[in-house]
Amino acid sequence: MEQHQIELARILILGFVAFAIAFLATPLLTHVLYKYNLGKRIRRDPKAPIFAKLHQHKEGTPTMGGVLVWGTMLVLISVFALLAALVPESPLTLFNFLDRGETYLPLGALIAAALIGLLDDILNIRSIGPFGGGLRMRQRLLLYTTIAALGAWWFYFKLDWNIITVPIFGETLALGIWYIPFFMLVIVATAFSVNETDGLDGLAGGVLMMAFASFSVIAYVQERFDLAVFSAVIVGALLAFLWFNIHPARFFLGDTGSMSLGITLGIIAMLTDMALVLPVIGFVLVIESASVLAQVTGRGLFGRKLFLSTPIHQHFQAIGWPEGKVVMRFWIISAIAAGLGLIIAITG
């Protein structure tokens, strides 16, 4: 069997195994979440009354569902790496996808961001923080920027990487030391964009699943096979999560899921040198964040809101769209954007 066929089989098998593990682990996770009343608290910001009204019925639904995704990743990558170290002659070592050049950094960032998000979720559950919403924005920004800075340091000084490719034209730009702030901007912006999108049942999970599936294909085409497997494992775990997260959601991603997956998505985009394609593949993430920035700008400059509520999925809810309609239409937009991004990435 040719190498590419073997790698494709490895990607599909591990994606399926990730789905199976996450799906079978869900009853245990939900039992713990419900038993200990680890339910989300809706922040009551007087500046955002529509938000509280739209989401009040979700209060008490367990959060921290992101544990299912990164926990599955941690189990799979640890088990096969351990097998490769202890029993190197075993055929199962074929499934080891822990690689210094491809998966060390996204794995480290995934776990670090997940632990910070887990702390944030716990504070929210205990109604600690501004309006009972967990960590302050400046605290979150500082922590996640620190992770992004460490990643930028790894790329620039350890991997000696300071160029980006301009899609379609196929040109490369050498950024030099400016690669570090560019890297940090991509990572932090992606993380917070995913967090903004995580507001409706199934919305963020579906958008993320399509984005990671796209980057798994891109990594495969670039012959970064371990990174392709890494992305496929996240896709498999997200599929299992979505089974229980579609309306009415049994649990939510929480910050431990949205922030960690957002940071990881940004890092994979940098590893595949597709940072400039990421806004296309993650177009829904872009419009969600852009709506928030536009709302803040409108208030500051004109003293009025541009939307009834932001992120923009809340605006559509506020004008009467059912939650399911908003999610499905955003999924359709995300699928089209992901397809377009793949075309640009592969042909460019």
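It should be noted that the structure appears before, not after, this text.
Quick caveat, the model's predicted, so the values are computed rather than measured.

Draft legend 1. Spatial organisation of the pairing of strand E1 (residues 163-166). In the sheet, E1 pairs with strand E2 (residues 171-174) via 4 bridges, with the strands oriented antiparallel. Considered in E2, the bridge of Val 166 is made with Glu 171.

Draft legend 2. Highlighting the pattern of salt bridges. One pass over the structure, following the stated rule, counts 4 salt bridges. We note a salt bridge from Arg 140 to Asp 120, for which the minimum N-O separation is 3.1 Å. Of this pair, Arg 140 sits in helix H5 (residues 137-158) while Asp 120 sits in helix H4 (residues 104-125), and the two are 20 residues apart along the sequence. For Arg 140, a relative accessible area of 10% puts it in the buried group. A residue is classified by how much of its surface remains accessible, and Asp 120, at 2% relative accessible area, is buried. The partner of Arg 140 in a salt bridge is Asp 255, and the shortest N-O contact between them spans 3.1 Å. One end of the pair, Arg 140, is in helix H5; the other, Asp 255, is in helix H9 (residues 255-271), with 115 residues separating them in the sequence.

Draft legend 3. Geometry of the packing of helix H7 (residues 203-221) against helix H8 (residues 225-245). The geometry of H7 relative to H8 is characterised by a closest axis approach of 8 Å and an angle of 160° between their N-to-C directions. Put simply, H7 runs roughly antiparallel to H8. Like other packed secondary-structure pairs, H7 and H8 cross with a definite hand, here left-handed. Along the contact surface, H7 presents Gly 205, Gly 206, Leu 208, Met 209, Phe 212, Ala 213, Phe 215, Ser 216, Ala 219 and Tyr 220, while H8 presents Phe 225, Leu 227, Ala 228, Ser 231, Ala 232, Ile 234, Val 235, Leu 238, Leu 239 and Leu 242. For the contact of H7 with H8, a count of residues per class yields 16 nonpolar, 4 polar and no charged.

Draft legend 4. Structural detail: unusual backbone geometry. Residues His 247 and Pro 248 are joined by a peptide bond in cis, for which omega reads -5°. Structurally, the position occupied by Pro 248 is in the loop between H8 and H9. The phi torsion at Glu 223 lies on the positive side, around 65°, for a residue other than glycine. Mapped onto the secondary structure, Glu 223 falls in the loop between H7 and H8. Notably, Asp 273 is not glycine yet its phi reads approximately 60°, a positive angle.

Draft legend 5. Molecular detail of helix H6 (residues 179-197). Counted at 1.5 Å a residue, the expected span for H6 with its 19 residues is 27 Å, and the 27 Å between its end C-alpha atoms agrees. Across the 19 residues that make up H6, a large majority, 14, are buried.

Draft legend 6. Structural detail: a nonpolar patch on the surface. Together, Trp 153, Phe 157, Ile 177 and Trp 178 give the surface a local cluster of nonpolar side chains, amounting to about 510 Å² of exposed area. By the element assignment, Phe 157 lies in helix H5.

Draft legend 7. Focus on helix H1 (residues 3-35). Along its 33 residues, H1 runs 48 Å from first to last C-alpha, staying within 8% of the 48 Å computed at 1.5 Å per residue. Bending of H1 peaks at approximately 40° at the position of Thr 26, with proline Pro 27 no more than four residues after it. For H1, the set of buried residues is Glu 7, Arg 10, Ile 11, Leu 14, Gly 15, Ala 18, Ala 22, Thr 26, Leu 29, Thr 30 and Leu 33. Looking at the residues trailing H1, positive phi occurs at Asn 37, about 50°.

Draft legend 8. Up close: the packing of aromatic side chains. Applying the stated criterion across every chain, the model contains 15 aromatic pairs. Ring plane angle 70° and centroid distance 5.8 Å describe the contact between Phe 23 and Trp 243, whose orientation is recorded as edge-to-face. With Phe 23 in helix H1 and Trp 243 in helix H8, the pair connects residues that are 220 residues apart, well separated along the chain. Phe 23 sits in the partly exposed class, given a relative accessible area of 26%. Taking the relative accessible area as the measure of exposure, Trp 243 reaches 57% and is therefore exposed. Arranged with centres 6.3 Å apart and planes meeting at 25°, the rings of Phe 155 and Tyr 179 form a pair that is stacked. Here Phe 155, found in helix H5, pairs with Tyr 179, found in helix H6; they are 24 residues apart in sequence, far enough to count as distant. Looking at Phe 155, the relative accessible area reads 0%, which means it is buried.

Rules behind the numbers
- Residues numbered from 1 in each chain as written.
- Predicted model: local features only at pLDDT ≥ 70, side-chain atom pairs only at ≥ 80, totals over all residues.
- Heavy atoms only, no water.
- Pairing = 2+ DSSP bridges.
- Helix = DSSP H or I, 4+ residues; strand = E, 2+ residues; numbered from the N terminus.
- Salt bridge = Lys/Arg side-chain N within 4 Å of Asp/Glu carboxyl O.
- Buried < 20%, exposed > 50% of the residue type's maximum accessible area, 1.4 Å probe, protein only.
- Axes fitted to C-alpha atoms, helices over the stretch in contact; angles between N-to-C directions.
- Parallel < 35°, antiparallel > 145°, perpendicular 65-115°, else oblique.
- Left-handed = near helix turned anticlockwise from the far one by under 90°.
- Contact = heavy atoms within 4.5 Å.
- Nonpolar A, V, L, I, M, F, W, Y, C, P; charged D, E, K, R; others polar.
- Expected span 1.5 Å × (residues − 1).
- Patch = residues over 30% accessible without salt bridge, like charges linked within 9 Å, V, L, I, M, F, W, Y side chains within 5 Å.
- Areas by Shrake-Rupley, 256 points an atom, 1.4 Å probe, with all protein chains shown as cover.
- Bend = angle between axes of the 7 residues up to and from the residue.
- Phe/Tyr/Trp six-rings, centres within 6.5 Å; stacked < 30°, edge-to-face > 60°.

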